[in-house]
Structures are given as structure tokens and as C-alpha cells.
Amino acid sequence: GLAFDHHRDLLMVVDSCNHRVQVFSCDDDDDEGFSFVSKFGERGNQPSQFEYPWSLAIDHDHDRILISDYANHRVQSWSLSDQSFLSSIGKQGSGDLEFNYPRGIAIDNHHHRIVVVDTDNHRLVFLSLIDLSFLFSIDGKQGSRPGEFEYPSSIAIDHDRCRIIVCDSDNHRIQVLSSIDGSFLLEFGSQGNQPGQFKYPDGVCIDNQGRIIVADMRNHRLQSFTPEGHHISSFDCRRIGKPVEVAFDEHRGLIAFTAGHRVHV
């Protein structure tokens, strides 16, 4: 996973198999565009350690970074200012503050919530942005009907339209839910390699026009869609690798995605 910190002109990248997060400066004067700043985390299951961290979200209001600690079945909180460890919540299970290989994480600022993709429980978990307490979940039922999930992987919040965009990976589709109550709104996509179809979509973001950009992993491409789910265009990543996660830099109009042990912009 990766996310832009617009307040500090940084790009934060979850370096999963190195069990850490790396931080880069978005340096317009540098030929590469990004320069290394710092890193934090190491492998383990103690506080401040990671076991295959997956995604992160930046909470400017509380000066912290929230990270899904995939194989430790928890969410960790780190200081945004000095990158020191703050706290962790969760353990393996299917209860209210339990997770089973959580992956995507995003912040819904309008409703003061954190939304976690609890992948192997086939659900979304909503936490309070204030104290990380459990609020509710959607509903954890495995399936392919509207509102059900099959190993969901990533989410993005469309604040302008009060919607949650979910990569329903093993159903090869995108689901759109209300961020107010989590109710189902629409879905698009099916398994295949034609425009508008997917093969294990793994990452999603929203650009400043409300377009939905999807990392269509095993089709080796990015696809963009209107807010209503109509296909716009594709970007071929075959020479690069399988795109896994994607982020949008609203200040520069850039799309960053991870593939082949690199970040591509």
C-alpha cells in the first residue's frame, strides 16, 4: 500500500516483505521526483513490529498513521510527526475487535471513522477515529450477491459522494457502498480481460474528478472508471509487473502504484 501526505509533501510506502514502512519526499527539484527520507518498523509480533504490513492511511486530524498489520491480525497507530509507535488494536478472530488478515484501510473524515478491510472474514470493520473503538461491521457474509464479499482487498473513500469503493477481489468486481450506513449502492465488473472486466482487482483510489482507478492485478493493468462505473481507459503494466495498490496525488495530478518491488508514478 501507499499514500500521499499532502501536508508534508511525502509519499509513504508499505514495504510488506521487509516488514516496514518507507517514507519519501516528493521533491520537484530531484530528477527522480522522490527521495528517501526515513523508514520504520521491523519483523515481529511485539508492539511496533510488523508481520507483512499491508496498507496505511494518514490521519492528519490526530497526527498519526494507521497501518494494517496483515499477519499479526491487527491495526497499528504511529505518530505522523516523528514516526514513533503509539498503539495497536486487534487479534485474530471474528469478534468486534478481532481481524483475520486485514488488508485495506481508509479514513472517512466526514463520519469520523476508520474503515478496515477484514479480508479473510469477508467484511468491512468500522472503528471510531477518536479512540479506535469498534462501531459496526458489514456483515461478514462470504458470497457473490450484492453486499457480500469474497476476499475483499482494498478500499477508497469518495468523500464528495459519501461512498465507499471496495475491491471485491475474488468476485472480480468493484462494489460501491454508502459511507453513511454501509448499504449497497452499485457494482461493476466481472471476470475477464476485456475493458471493464477484472482478474483479481487488488487496489483502488479516487482522483479529484471522482474517477475510480483500479489496480487490475492479474490483468497487468490499471483501469479508470466514471463515478457510475463506466469504463474510461486502461494503462498496460505488462512490462512493469502486476499492479497491487494505487494512490492519487491531488496536488500534482499524479497516480502512484506498486508493482515489481517498485513504486511507479
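Residues numbered from 1 in each chain as written. Predicted model: local features only at pLDDT ≥ 70, side-chain atom pairs only at ≥ 80, totals over all residues. Heavy atoms only, no water.

Caption draft 1: Structural context of the overall build of the chain. Helix and strand counts for the chain stand at zero helices and 23 strands. Taking 18 Å as the expected radius of gyration for a compact globule of 265 residues, we find that the chain reaches 17 Å, a close match to that expectation. Looking at the chain as a whole, 55% of its 265 residues qualify as buried. Counted over contacts in the chain with a minimum sequence separation of 6, partners at least 24 positions apart contribute 39%. A total accessible area of about 11500 Å² is found for the chain, and carbon and sulfur atoms account for 43% of it. In the chain, 24 positive and 39 negative side-chain charges are present, and the distance between their average locations comes to 7 Å. (Helix = DSSP H or I, 4+ residues; strand = E, 2+ residues; numbered from the N terminus. Rg over C-alpha atoms; globule rule 2.2 N^0.38 Å. Buried < 20%, exposed > 50% of the residue type's maximum accessible area, 1.4 Å probe, protein only. Contact = heavy atoms within 4.5 Å. Areas by Shrake-Rupley, 256 points an atom, 1.4 Å probe, with all protein chains shown as cover. Lys, Arg positive; Asp, Glu negative; His and termini not counted. Charge placed at Lys NZ, Arg CZ, Asp CG, Glu CD.)

Caption draft 2: Main features of the sheet that holds strand E1 (residues 2-5). Strand order in the open sheet formed by four strands is E1-E2-E3-E4, and the pairing between neighbours is antiparallel. Looking at strand neighbours, the two that pair on one side only are E1 and strand E4 (34-40), the edges of this open sheet. Going from strand to strand, the sheet's axes swing by 25° on average, the running direction of each strand aside. With six bridges joining them, strand E3 (residues 20-26) and E4 adopt antiparallel strand pairing. Within the sheet, the bridge partner assigned to Phe 24 lies in E4 and is Phe 36. (Pairing = 2+ DSSP bridges. Axes fitted to C-alpha atoms, helices over the stretch in contact; angles between N-to-C directions.)

Caption draft 3: The arrangement of the packing of aromatic side chains in detail. Here the structure, examined in full by the defined rule, presents 11 aromatic pairs. With a centroid separation of 5.6 Å and 50° between ring planes, the pair formed by Phe 198 and Phe 225 is classed as tilted. Remark: Phe 225 occurs in strand E19 (residues 221-225) and Phe 198 occurs in the loop between strand E16 (184-188) and strand E17 (201-206); sequence separation between them is 27 residues. Grouping residues by exposure puts Phe 198 and Phe 225 together as buried. A network of ring pairs unites the aromatic residues Phe 40, Phe 50, Trp 78 and Phe 85 as a single cluster. (Phe/Tyr/Trp six-rings, centres within 6.5 Å; stacked < 30°, edge-to-face > 60°.)

Caption draft 4: Highlighting unusual backbone geometry. Backbone geometry at Ser 48 places phi at a positive 75°, although glycine is not the residue there. As for its placement among the helices and strands, Ser 48 is situated in the loop between E4 and strand E5 (53-59). Judged by relative accessible area, Ser 48 falls into the partly exposed class, the value being 25%. Notably, His 122 is not glycine yet its phi reads approximately 55°, a positive angle. Along the chain, the position of His 122 falls in the loop between strand E10 (113-118) and strand E11 (123-128).

Caption draft 5: Structural detail: the nonpolar core. In this structure, Met 12, Phe 40, Leu 56, Ile 65 and Ile 67 are the most contacted members of the largest nonpolar core, which totals 14 residues. The set of elements that each furnish at least two residues to this core consists of strand E2 (10-15), E3, E5 and strand E6 (64-69). If one sorts the elements of this core by residue count, E2 sits on top with three residues. Counting residues in hydrophobic clusters, the runner-up holds 13 residues, among them Ile 89, Phe 99, Leu 127 and Leu 132. (Core = buried A, V, L, I, M, F, W, Y, C linked by side-chain atoms within 4.5 Å.)

Caption draft 6: Quick peek at the sheet that holds strand E23 (residues 262-264). Read from one edge of the open sheet, three strands run E21-E22-E23, paired in antiparallel fashion. Taken across any chain shown, the strands that pair with only one partner, and hence form the sheet edges, are strand E21 (246-249) and E23. Going across the sheet, the axis of each strand differs from the next one's by a mean of 25°, ignoring polarity. In this sheet, E23 lies alongside strand E22 (residues 254-259) in antiparallel orientation, the contact comprising three bridges. Residue pairing in the sheet places Thr 258 in a bridge with Val 263 of E23.

Caption draft 7: Spatial organisation of the side chain of Arg 221. Tracing the backbone through its elements, the reader meets Arg 221 in strand E19. Among the polar contacts listed, one links the side chain of Arg 221 to the backbone oxygen of Asn 193, at a separation of 3.1 Å. (Polar contact = N/O pair within 3.5 Å; in protein donor to acceptor, adjacent residues only side chain to side chain.)

Caption draft 8: Expanded view of the side chain of Asp 108. Here Asp 108 lies in strand E9 (residues 102-108). Buried Asp 108, no salt bridge; nearest opposite-charge side chain is Arg 113, N-O distance 4.5 Å. In terms of polar contacts, Asp 108 uses its side chain to reach the backbone amide nitrogen of His 110, at 3.3 Å. Sequence-distant contacts of Asp 108, that is, excluding residues within four places in its chain, are made with Arg 113, Ile 157, His 159 and Ser 179. (Salt bridge = Lys/Arg side-chain N within 4 Å of Asp/Glu carboxyl O.)

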